[in-house]
Amino acid sequence: MLAALAAGCGSDDQRGGAAPVTPTATAVPTATATPSVVVGDALSGGAGTVFDSTTSAFGQPSRNLPLAQRTAFFVGNALFNRDWVTAPSSTVGSDGLGPLFNARSCSSCHFRDGRGRPPVPPEEDSVGILFRLSIPGVGDDGGPLPDPTYGGQLNQAGILGVPGEGRVAISYEEVPGRYADGEPYSLRRPRYDLVDLAYGPPDPALLLSPRTAPFLIGLGLLEAVDESTLLAAADPDDRDGDGISGRANLAWDVRRGQLALGRFGWKANVPTLEQQNAGAFVGDIGITSPLFPEQNCTAVQTACLAAPNGGDPEIDQDKLDAVTFYSRHLAVPARREVADPAVQRGEALFAEIGCAACHTPTLTTGADAAPALAGQRIHPYTDLLLHDLGDGLADGRPDFLADGREWRTPPLWGLGLIATVNRHTLLLHDGRARDAAEAILWHDGEAVAAREGFRTLPSDDRAALLRFLDSL
């Protein structure tokens with residue numbers, strides 16, 4: 001149910017157009033050997049869990065990361081926070097920004113390693129949300145076809161002499177509704193319009209998909225879960241008849257040169273953390289790497305193609321490895337108030353009305369991961385699979401095997417700390433939901449039964465379930 005609740009700059013998917021977008025959400029399947037309730041366990045990230053509920057809660061190294069490896073963590077942290085500048089510059093090793101870009105640093109989108117949001121107010125720069133673009137069809141790698149003029153992601157900024165591509169104006173329509181007990185609520189439906197386009201009109205069939213920057217905690221643990229564990233939970237044909245049919249996405253693994261299980265991004269369209277980080281470097285900041293050595297210019301963007309660069313590539317494998325090590329070992333904060341009766345009641349209701357069918361409470365990491373990540377019993381509340389969340393959240397934009405109504409179940413750990421770390425509570429893939437209740441109420445498709453289970457609960461039970469989510 002809360003599938004699309006939590007999911008950053010970079011990285012996941014992008015590119016839009018004049019065509020109206022139908023946003024999509026994530027739904028979730030039932031996992032095998034999955035406890036439906038994990039009452040009382042505060043160690044969401046296993047032995048690496050940290051006890052920090054401050055504004056720094058998402059930026060800590062795993063508690064079990066050996067001291068000898070912490071220098072590597074902080075080297076990666078420094079690169080993550082580095083502001084890149086236009087080449088050539090005197091700051092060797094920090095130039096190469098652009099020619100087209102959305103942000104000057106990783107932390108611009110993932111502020112405090114946390115979650116981004118759409119502009120508030122609307123005229124604010126779009127830093128915490130990006131827009132994937134594509135046209136109908138499938139590329140040679142099995143992924144989306146980029147727009148011939150604007151490529152696969154809208155870049156709103158450019159270096160001197162290279163025009164930014166344009167921007168997206170976001171507006172909202174209020175959609176009223178009522179809980180079964182008569183209490184009114186209102187959801188806001190977004191509308192996206194491409195404006196100030198610098199390179200002419202995009203393809204008339206352009207598909208656009210908004211993606212907010214997710215928080216980064218626990219990514220290494222999710223990468224460490226064995227593929228067989230995740231595939232065992234998939235039920236693409238709904239053979240068990242529970243109405244939930246989680247599907248695995250297969251995305252192009254650039255390092256291996258073949259399709260592989262997708263784990264990261266709002267549509268599970270990226271298989272590894274290294275590729276996620278390298279994709280964000282080039283897509284969001286315009287920094288090339290050994291994995292993605294080409295600048296993100298299209299054939300018609302002549303000024304972009306002729307612009308100076310910061311090297312070939314602009315970051316070497318050591319720097320990419322450092323940022324990947326950092327993101328792999330960002331700890332998950334411990335749950336709070338696990339012994340509170342209302343929280344425990346909410347946790348039971350979460351399972352009872354079907355949320356846990358997709359938001360799998362517990363997974364165990366494999367034995368082959370890095371020592372701090374291997375063999376950990378974790379509580380991410382995700383199955384990392386694709387689920388149909390219905391028309392209301394659909395973006396209509398396929399991404400490898402994910403169709404336009406499917407989204408990956410985002411992890412819910414850390415959900416209750418977003419307000420503290422990032423000073424907002426905007427949720428779902430596009431930040432349309434103003435709180436967790438609205439995020440639940442947007443669920444449809446495979447998650448309609450769970451949504452209705454929540455909508456028809458007495459107000460005290462709804463409050464208990466939201467207390468549980470706030471404890472994560």
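Residues numbered from 1 in each chain as written. Predicted model: local features only at pLDDT ≥ 70, side-chain atom pairs only at ≥ 80, totals over all residues. Heavy atoms only, no water.

*Asks:* Tell me about helix α5 (residues 273-285), residues and numbers included.
*Replies:* With 13 residues, α5 extends 17 Å between its outermost C-alpha atoms, agreeing within 8% with the 18 Å of an ideal straight helix rising 1.5 Å per residue. A large share of α5 lies buried, amounting to 12 of its 13 residues. Contacts made by the buried residues of α5 are with β1 (100-101), α2 (106-109), β2 (129-138), α3 (219-224), β8 (250-253) and α7 (317-328). (Helix = DSSP H or I, 4+ residues; strand = E, 2+ residues; numbered from the N terminus. Expected span 1.5 Å × (residues − 1). Buried < 20%, exposed > 50% of the residue type's maximum accessible area, 1.4 Å probe, protein only. Contact = heavy atoms within 4.5 Å.)

*Asks:* Summarise the state of the cysteines; cite the residues concerned and give the values.
*Replies:* Taken as a whole and assessed by the stated rule, the structure comprises one disulfide. The disulfide that involves C297 links it to C304, with 2.0 Å between the sulfurs. The sign of the S-S torsion, about -70 degrees, decides the handedness of the disulfide formed by C297 and C304: left-handed. On the basis of relative accessibility, which here comes to 16%, the residue C297 falls in the buried class. Judged by relative accessible area, C304 falls into the buried class, the value being 2%. Sulfur of C355: no disulfide; nearest cysteine sulfur belongs to C358 and is 8.9 Å away. (Disulfide = S-S within 2.5 Å.)

*Asks:* So what's going on with the pattern of salt bridges? Residues and values would help.
*Replies:* Counted under the stated rule, the structure contains 26 salt bridges. A salt bridge links E223 to R328, with the shortest nitrogen-to-oxygen separation between them at 2.8 Å. Here R328 lies in helix α7 and E223 lies in helix α3, a separation of 105 residues in the sequence. Within the structure, one salt-bridge network assembled from shared partners comprises D444, R451, E452 and R455. (Salt bridge = Lys/Arg side-chain N within 4 Å of Asp/Glu carboxyl O.)

*Asks:* Which residues make up the pairing of strand β9 (residues 258-261), and what values go with them?
*Replies:* Note that β8 and β9 share four bridges and pair antiparallel. Directly across from W252, in β9, lies its bridge partner L259. Here β8 hands over to β9 after four residues, with G257 in that stretch at a positive phi of 70 degrees. (Pairing = 2+ DSSP bridges.)

*Asks:* An account of a nonpolar patch on the surface is needed here, citing residue identities and associated values.
*Replies:* Judged by side-chain polarity, L250, L259 and L401 come together as a nonpolar surface patch covering roughly 240 Å² of accessible area. Within the fold, L401 resides in the loop between β12 (386-388) and β13 (406-408). (Patch = residues over 30% accessible without salt bridge, like charges linked within 9 Å, V, L, I, M, F, W, Y side chains within 5 Å. Areas by Shrake-Rupley, 256 points an atom, 1.4 Å probe, with all protein chains shown as cover.)

Geometry only, nothing functional implied.
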